[in-house]
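Reading the structure
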Amino acid sequence: MREIETDRVMIRKFTPADWKDLYDYLSDASVVKFEPYDTFTEAQCKLEAIKRSNQESFLAVCLKNTDKLIGNIYIEQQYPKKYSTWELGYVFNSRYQGYGYATESCKAVLNYAFKNLQARRVIAMCNPQNKASWKLLERLHFRKEGHLLKNIYFKSDEQGNPIWQDTYEYAILFDEWLS
């Protein structure tokens, strides 16, 4: 994927040097609360930045004027590929939330996906308790398609029992994005 530029951000591939800024938000428990992983250590972020620099699905969102990494967007084609469905995800540094960066960045990535990747449909999923996430999807004009009850777990309790959680399913079609 090529770099995508908006008024305030540059969306680009990760580099190994992004590890410090990645650590800045992946080490924050409030940021990763709804993610399928726990907080990251510095060592884990060094490895994660290298891993993401070799992947096309994770994009670094950086402030245009400073190149400060403030978050990431995930966009990956789903199988079977003939359905032209892509999944969108995002995680942003808490210090940069509430300023429209996620909306601006996701709009740019969605434009790119529909125009350059021939996406027919883009899906996104989030925890119903993550109000900021589903509000973002609704600002982007995604349609809520479902509320799955206790369908997934990422963590277990002290006895090793799964802590089940619900999922909201959202989607937007190319035709809907155009209008």
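Residues numbered from 1 in each chain as written. Predicted model: local features only at pLDDT ≥ 70, side-chain atom pairs only at ≥ 80, totals over all residues. Heavy atoms only, no water.

Where an unreviewed UniProt entry is consulted, the protein chain appears under the name Ribosomal-protein-S5-alanine N-acetyltransferase, with the organism given as Methanosarcina barkeri 3.

Points about the overall build of the protein chain
Looking only at helices and strands, the protein chain has 6 helices and 8 strands in total. Ordering the α and β elements of the protein chain from the N terminus gives β-β-α-α-α-β-β-β-α-β-α-β-β-α. A compact globule built from 179 residues should have a C-alpha radius of gyration of about 16 Å, and the protein chain, at 16 Å, falls within 12% of that. When the backbone C-alpha atoms are referred to their principal axes, the protein chain occupies close to 50 × 40 × 30 Å. Taken over 179 residues, the protein chain has a buried fraction of 46%. Counting contacts in the protein chain only where the partners sit at least 6 residues apart, residues at least 24 apart contribute 60% of the total. Accessible surface computed for the protein chain: about 10,000 Å², of which carbon and sulfur atoms make up 50%. Here the protein chain contributes 25 positive and 24 negative side-chain charges, whose respective centroids are spaced 3 Å apart. (Helix = DSSP H or I, 4+ residues; strand = E, 2+ residues; numbered from the N terminus. Rg over C-alpha atoms; globule rule 2.2 N^0.38 Å. Buried < 20%, exposed > 50% of the residue type's maximum accessible area, 1.4 Å probe, protein only. Contact = heavy atoms within 4.5 Å. Areas by Shrake-Rupley, 256 points an atom, 1.4 Å probe, with all protein chains shown as cover. Lys, Arg positive; Asp, Glu negative; His and termini not counted. Charge placed at Lys NZ, Arg CZ, Asp CG, Glu CD.)

Brief notes about the UniProt feature "domain: N-acetyltransferase" (unreviewed entry) in the protein chain
Sequence positions flagged by UniProt for "domain: N-acetyltransferase" (unreviewed entry) are, in local numbering, residues 9-175. When the span residues 9-175 is considered, its composition is 31% helix and 32% strand, and the gap between its end C-alpha atoms is 26 Å. (UniProt positions renumbered as here; feature names shortened; annotations may be inferred.)

Quick notes on the layout of surface pockets
When its volume is computed, the largest pocket comes out at roughly 1,000 Å³. Sorting the residues of the lining of the largest pocket by element identifies α2 (29-32), β4 (69-77), β5 (85-92), α4 (101-116), β6 (121-126), α5 (131-139), β7 (143-152) and β8 (165-173) as the ones contributing at least two each. The biggest single contributor to the lining of the largest pocket is β5, with 6 residues. For the second largest pocket, the calculated volume is near 210 Å³. Lining the second largest pocket are Lys-33, Phe-34, Glu-35, Asn-127, Pro-128, Gln-129, Phe-154, Lys-155, Ile-163, Gln-165 and Asp-166. Across the lining of the second largest pocket, the residue classes tally to 4 nonpolar, 3 polar and 4 charged. (1 Å grid on protein atoms, 1.4 Å probe; cavity = no way out; pocket = protein on both sides within 12 Å on 5 of 7 lines; lining within 4 Å. Points joined across faces, edges and corners; volume = space filled by probe spheres on them. Nonpolar A, V, L, I, M, F, W, Y, C, P; charged D, E, K, R; others polar.)

Some details on unusual backbone geometry
Looking along the chain, the bond that leaves Tyr-79 and enters Pro-80 is cis, with omega of -5 degrees. Position of Pro-80 relative to the elements: it lies in the loop between β4 and β5. With phi around 65 degrees, Asp-67 is a residue other than glycine that occupies positive phi space. Within the secondary structure layout, Asp-67 lies in the loop between β3 (58-63) and β4.

With respect to the side chain of Glu-104
Its location among the elements puts Glu-104 in helix α4. On the basis of relative accessibility, which here comes to 17%, the residue Glu-104 falls in the buried class. A distance of 3.5 Å separates a polar side-chain atom of Glu-104 from the backbone nitrogen of Asp-7. Not counting residues up to four positions away in its chain, the partners in contact with Glu-104 are Thr-6, Asp-7, Arg-8 and Val-9. (Polar contact = N/O pair within 3.5 Å; in protein donor to acceptor, adjacent residues only side chain to side chain.)

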